[in-house]
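# Observations on the model geometry
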Amino acid sequence: MRSVLRRGTGRTIWARVLHLALGAWFAVACAMVWPGLPDASPRTLAGLFLAPLPALAVLACVPVVRRSEGVQARALLLPGDDEVTVEPSRTWSDRGRLLLWLCVRVELGVLAALAVAGAVSLLAGPLPSWVWVPVAAAVVPCLVLVLAGLGALAAAAARRLLHPSLAERLRAQQVRTERLLERTRLAAELHDSIGHALTVTLLQAGAAREVAGRDPAFVDAALAAVEDSARQAAADLDRVLALLRDGAPLADAPTLADVGRLARAARAAGADVDLRVEGPVAGLPPLVSREAYRIAQEALTNALRHAGPVPVALRVDVHADALELDVRNPVPVPAPASVGSGSGLAGLRERAAVLGGTASAGPVDGDWRVAVRLPLAGPA
Amino acid sequence: MTIRVLLVDDEELVRGGLRAILEARHDIEVVGEAADGAVVVPLTASLRPDVVVMDIRMPLVDGIQATRDLRRRLDEPPRVLVVTTFGDDENVYAALHAGADGFLPKRARPAEIVDAVRVVARGDSLLFPAAIRALAARHVAPLQGPAASSRAVGGREVRSLTAREREILTLMARGLSNGEIAGELYLGLQTVKTHVSSLLRKLGARDRTQAVITAYESGLVPLT
């Protein structure tokens, strides 16, 4: 009992008693109706207390009642506790638990009313005045303890019966993750667009000042680059601000439809990329398309890392039942010792295997060839 | 003697700016440019630069991985100076761990860029000691307190240092060069060099930057 008192501070106890008052009003109503009944026996009194069940069942079926009960429980029973849901009912299991909770709530209220009535009738009864003070001194703290206990019971029941369902918890987690991802993407977007443009501006302006008077042509070109970058940054700022205002989703992970961008990056790095795409790349399932992009990226990267800037042939073939990737590049002479480190190839095989596909890599006709086949009907 | 530099950045205008700034000095020669970390190892093997000035975020292979590749695949890797943009603390620290010798914000002034390349090429003092301490503080602080003893990065190696070596490591962390340390401790330059190479060996560190990071992470040199 002391732990109950310690856990619930005075304010919590009275907030909980207030919460119990709903059931208590029902008890008062019963007490007023019962003496007027034709058959005022204890049996009818018990029946009277069961009478609200159908009404509670109807109430429990209304989705928004769960939210209302949740809000009340959060405010009065468990202040600051977000373990209690404030979502409307979605499943029959939600409604079942809500009905149980409504019954518990009413009956605990009835018990609270009985306790108060008992204490009042005892103290208002025919007691000799010399006993009254010690009896009151014993009864009042007992009543407070009983009410606190009932409040704690109501709180415990709310925690058990009004907690979010697994589906609700998953959904909440998903929302949190999406928000976090969105912020990360926005940061990356800012970094890549405006941060990038500012960097170019700074470096070109600094360089122009360094060579001023000695290389007028460079200064001209640098100033043009500064102007272009600043203009680009202004446009990017517009775009990012629009994204922030509208909350429009940013671009997702690249898919095979973006393979051209990949080829451009590899060309900029010095590889002579010959890209050929056959078949409807845009119609690929998103998961396959994203993974295929990563596989192509890994194959191109490995070619550059091990062979340096060499010609690379990248073929993408979309058939009806499968997607085929084929990457070839000449093996440098002498072949680098670390080609067989294997971690890159293992990664390729793993990615392909997850989608039920296959990947192989090895020397073919003086070339290094990476071949990947991903089924389009899903993993067998 | 000229310092041979390889520039690695996916943005041509950044490379052009850096090239103009560095080549305006007579002691620096830009021997090559690359647009991605993927080609750094083959290019370094053929061009033999003293310093690779490397961007961190690149499309195929980032500067952290490229730095690691250089250390792993070349017998005599060049020194690496990573250049960073904004909000890149995590990456800078990862790059220093991967073996970069120093870092430089892209918003640095031309004279600072040139200085950074020279300091990293000489390799006898730490670039931006205060910034490295701040970075280390941000990364080590959450792990200090009760958990610090269980973590103790390089704890055993650090304990094997002599008192003199610890003293020198503390001065290295403050950014002093070998010559300055010799003056501070009234030692000969050669003696300091011997101590430095001995403590690098004991810490398993290839260079001063790594040794200083280990010193901070192990608590040998206080972060405050």
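What you are looking at is a predicted structure, and each value in this text was computed from that prediction instead of being measured.

A general feature of soluble globular proteins is that nonpolar side chains tend to end up buried together. Core analysis: the largest hydrophobic core is formed by 113 residues, its most contacted members being A:L300, B:V53, B:L81 and B:V117. Looking at which element gives the most residues to this core, the answer is helix α11 (residues 286-307) of chain A, with 10 residues. Three or more residues apiece are contributed to this core by two domains, here domain 1 (3-126) and domain 2 (146-218) of chain B. Apart from residues lying up to four places away in sequence, B:L81 is in contact with B:V51, B:V53, B:M54, B:D101, B:G102, B:L104, B:A116, B:V117 and B:V120.

This paragraph deals with the UniProt feature "modified residue: 4-aspartylphosphate" (unreviewed entry) in chain B. All names here are of chain B. The UniProt entry lists D55 under the feature "modified residue: 4-aspartylphosphate" (unreviewed entry), expressed in the numbering used here. With respect to the helices, strands and loops of the structure, D55 is situated in strand β3 (residues 51-55). The residues touching D55, leaving out its near neighbours within four places in the chain, are V8, D9, D10, G63 and V83.

Our next topic: the pairing of strand β1 (residues 272-278) of chain A. All names here are of chain A. Pairing analysis gives seven bridges linking β1 to strand β2 (residues 311-318), with the strands arranged parallel. Across the sheet, residue V277 finds its bridge partner in β2, namely V316. In terms of handedness, the path from β1 via α11 over to β2 forms a crossover that is left-handed.

The next subject is the UniProt feature "transmembrane region" (unreviewed entry) in chain A. Residue and element names in this part refer to chain A. According to UniProt, the feature "transmembrane region" (unreviewed entry) maps to residues 12-34, 46-65, 98-124 and 130-156 in the numbering used here. Secondary structure across residues 46-65 comprises 85% helix and 0% strand; the distance between its end C-alpha atoms is 26 Å. With 100% helix and 0% strand, residues 130-156 has end C-alpha atoms that lie 41 Å from one another.

With that out of the way, let us pick up the sheet that holds strand β2 (residues 28-34) of chain B. All names here are of chain B. Taken in spatial order, the five strands of this open sheet run β2-β1-β3-β4-β5, and their pairing is parallel. The open sheet has two edge strands, β2 and β5 (102-105), and neither has a second partner. Looking at each pair of strands side by side, their axes are set apart by 25° on average, direction ignored. Of the strand pairs in this sheet, strand β4 (residues 79-84) and β5 are connected by four bridges, and their pairing is parallel. Bridge pairing in β5 places V83 opposite L104.

Turning our attention to the pairing of strand β5 (residues 367-375) of chain A. Two faces make up the sheet, and in a regular strand the side chains alternate between them. Residues and elements named next belong to chain A. Along β5, the buried face is formed by W368, V370, V372 and L374; none of D367, R369, A371, R373 and P375, which line the opposite face, is buried. Sheet topology note: the strand β3 (residues 322-330)/β5 ladder contains nine bridges and is antiparallel. Bridge assignment links R328 to a residue of β5, and that residue is R369. Sheet analysis places strand β4 (residues 358-364) next to β5, joined by seven bridges and oriented antiparallel. In the sheet register, T358 faces β5, and the bridge partner there is R373.

The rules behind each value
Residues numbered from 1 in each chain as written. Chains lettered and ligands numbered in written order. Predicted model: local features only at pLDDT ≥ 70, side-chain atom pairs only at ≥ 80, totals over all residues. Core = buried A, V, L, I, M, F, W, Y, C linked by C-beta atoms within 7 Å. Buried ≥ 20, exposed ≤ 12 C-beta atoms within 10 Å, placed from the backbone. Helix = DSSP H or I, 4+ residues; strand = E, 2+ residues; numbered from the N terminus. Domains from an automatic or database assignment. Contact = placed C-beta atoms within 7 Å. UniProt positions renumbered as here; feature names shortened; annotations may be inferred. Pairing = 2+ DSSP bridges. Right-handed = clockwise from strand over helix to strand, strands pointing away. Axes fitted to C-alpha atoms, helices over the stretch in contact; angles between N-to-C directions.

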